[in-house]
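# Structural characterization, general
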Amino acid sequence: MTTTTIELKPSSHPLPSAEREKILASPGFGRHFTDHMVTIKWTEGRGWHDAQLVPYAPLSIDPANMTLHYAQTIFEGLKAYQQPDGTVATFRPDANATRFQASARRLAMPELPVETFIAACDALVTQDRAWVPAHGEQSLYLRPFMFATEVGLGVRPANEYLFVVIASPAGAYFPGGVKPVSVWLSEEYVRAAPGGTGAAKAGGNYAASLVAQAQAAEKGCDQVVWLDAIERRWIEEMGGMNLYFVYRTGDAVRIVTPELSGSLLPGITRASLLKIGEDLGYGFEEGRISVDDWKNGNADGSLTEVFACGTAAVITPVGSVKSARANWTVGDGQPGEITMKLRKALLDIQTGATPDTHNWMHPL
Ligand code: PLP
Ligand code: COI
């Protein structure tokens, strides 16, 4: 079998269109799933095989499935947008495929070829085309993932895996729309340490983050901001988003994002904004930003905006910060002008409202 040949076994009971339309009118995030999924198996000695598009359905898991015990599981997130001519295109699926391979290497899992990853996403979106929301910035969120399917309790890389792609219509990730979020600087808990799995999109990273997210909620904040594991001083990222800091001196705008330390996720939105920023003529940089830089930049007025970015969240302003030591408001606490300009520039490319000069959109 060539790994990009996907056998089609469509559902004989897709959701009735009236029910689907009801969901699409207010999809939320990650609450509803389309009629199909793609599955591809990997077995030691045989490689990738049995690629199929099948009706969306529960998977049967043995209680001794290795993933349930040792968490060999990775995932991706990317979006398909309806274009003005009625076609559908995904945003940078090659970048997700490449990062998925990097995550697989870190978790001692087999690497799925880039073209197979893209073919699987294409097959699902094509089959479930009717689930791609037709309006504005709504999208069909694709969730490719892979996990160990071998049964046994030995601690070692499994010899069998399943790759799956599911899809979910997506409205706003934060239900309030573009409203600034409040963040809690986590000093007690860290997300990832040097040499760990922080740069991989591994399920375990998210499991380990939940107690800090709960702590943020207890403090009255929407999200956690992670600091570096060693000094608890350098800003890393948010729960599911990278961060950007906007500095202004007179008319000059400098936009800084934490450099890839090895323990934060190399976001595709982050990388895309570095290019869009160049297009818009802003000085964009990767650098180190400490908690004190953030606090002092706020106090002296040079740091005017902070925003978070990621596939699910797009671009979300950060309005206020809380830590064990201090609280402060970012700028005037409202969505910043540059934040909103970058958000529009990115969404315009994704929705086809502006020419895709970087060749990021992958038409189906
Ligand atoms: N950081 C974390 C921890 C994430 O889960 C995500 C989401 O995927 C991001 C950053 C942003 O990455 P991307 O822009 O590729 O979605
Ligand atoms: C994404 O933005 O795709 C994410 O994976 C973030 C979150 C939903 C975990």
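Just so it is clear, the model here is predicted, and its values are computed rather than measured.

Turning our attention to the UniProt feature "modified residue: N6-(pyridoxal phosphate)lysine" (unreviewed entry) in the chain. Within this numbering scheme, the UniProt entry marks Lys-201 as carrying the feature "modified residue: N6-(pyridoxal phosphate)lysine" (unreviewed entry). Exposure remark for Lys-201: the 26 C-beta atoms within 10 Å place this residue in the buried category. With sequence-adjacent residues up to four places away left out, Lys-201 is seen in contact with Ile-74, Phe-75, Glu-76, Arg-99, Ser-103 and Leu-265.

All residues adjacent to ligand 1 are Gly-77, Glu-237, Gly-240, Met-241, Asn-242, Leu-265, Gly-267, Ile-268, Thr-269, Arg-270, Gly-310 and Thr-311. The element best represented in the shell around ligand 1 is helix α6 (residues 268–279), accounting for 3 residues.

With that settled, consider the confidence of the model for the chain. Low pLDDT means the predicted atomic positions in that stretch should not be read closely. In this model, the chain carries a mean pLDDT of 95, and residues with pLDDT of at least 70 account for 99%. The ipTM, which scores confidence in the relative placement of chains, is 0.98 for this predicted complex, and the corresponding pTM is 0.97.

A few words on helix α4 (residues 114–127). Taking 1.5 Å per residue, 14 residues should reach 20 Å; α4 reaches 20 Å between its end C-alpha atoms and fits that length. Among the 14 residues that make up α4, 10 are buried, leaving the element largely enclosed by the rest of the structure.

Another point: the site of ligand 2. Around ligand 2, the neighbouring residues are Gly-77, Gly-240, Gly-310, Thr-311 and Ala-312. In terms of residue class, the shell around ligand 2 is made up of 1 nonpolar, 4 polar and no charged.

With that out of the way, let us pick up the nonpolar core. Ranked by size, the top nonpolar core spans 46 residues in total, and within it Val-38, Ala-120, Leu-124, Leu-140 and Leu-142 carry the most contacts. Mapped by element, the contributors of at least two residues to this core are β2 (36–43), β3 (47–55), β5 (78–82), β6 (88–91), α3 (93–106), α4, β7 (139–148) and β8 (160–170). The biggest single contributor to this core is α4, with 7 residues. Leaving out residues up to four positions away in the same chain, Ala-120 has contacts with Ile-6, Val-38, Ile-40, Pro-144 and Val-165. Membership of the second largest hydrophobic core comes to 40 residues, among which are Val-190, Ala-216, Leu-303 and Cys-309.

For the rest of this paragraph, the subject is the pairing of strand β13 (residues 252–258). Taken together, the 5 bridges between strand β12 (residues 242–249) and β13 define a ladder with antiparallel strand orientation. Opposite Thr-249, over in β13, you have Ala-252 as the bridge partner. Here β12 hands over to β13 after 2 residues, with Gly-250 in that stretch at a positive phi of 60 degrees. The pairing of β13 with strand β14 (residues 283–287) spans 5 bridges and is classified as parallel. Bridge pairing links Val-256 to Glu-285 in β14. Crossover β13 to β14 through α6 is right-handed.

Let's shift gears to the packing of α3 against α4. Where α3 contacts α4, the axes come no closer than 9 Å and their chain directions differ by 125 degrees. Taken together, the axes of α3 and α4 are oblique relative to one another. Read as a crossing pair, α3 and α4 show a hand that is right-handed. Residues Pro-93, Asp-94, Ala-97, Thr-98 and Phe-100 of α3 form the contact with α4, whose participating residues are Val-114, Phe-117, Ile-118 and Cys-121. Classifying every residue of the contact of α3 with α4 gives 7 nonpolar, 1 polar and 1 charged.

Structurally, Leu-107 is set in the loop between α3 and α4. Sequence spacing of Leu-107 and Ala-119 is 12 residues, and the spatial spacing of their C-alpha atoms is 23 Å. What Leu-107 contacts, discounting residues up to four positions off in sequence, is Gln-72, Ile-74, Ala-200 and Ala-202.

Procedures and definitions
Residues numbered from 1 in each chain as written. Chains lettered and ligands numbered in written order. Predicted model: local features only at pLDDT ≥ 70, side-chain atom pairs only at ≥ 80, totals over all residues. UniProt positions renumbered as here; feature names shortened; annotations may be inferred. Buried ≥ 20, exposed ≤ 12 C-beta atoms within 10 Å, placed from the backbone. Contact = placed C-beta atoms within 7 Å. Near = placed C-beta within 6 Å. Helix = DSSP H or I, 4+ residues; strand = E, 2+ residues; numbered from the N terminus. pLDDT = per-residue confidence, 0-100. Expected span 1.5 Å × (residues − 1). Nonpolar A, V, L, I, M, F, W, Y, C, P; charged D, E, K, R; others polar. Core = buried A, V, L, I, M, F, W, Y, C linked by C-beta atoms within 7 Å. Pairing = 2+ DSSP bridges. Right-handed = clockwise from strand over helix to strand, strands pointing away. Axes fitted to C-alpha atoms, helices over the stretch in contact; angles between N-to-C directions. Parallel < 35°, antiparallel > 145°, perpendicular 65-115°, else oblique. Left-handed = near helix turned anticlockwise from the far one by under 90°.

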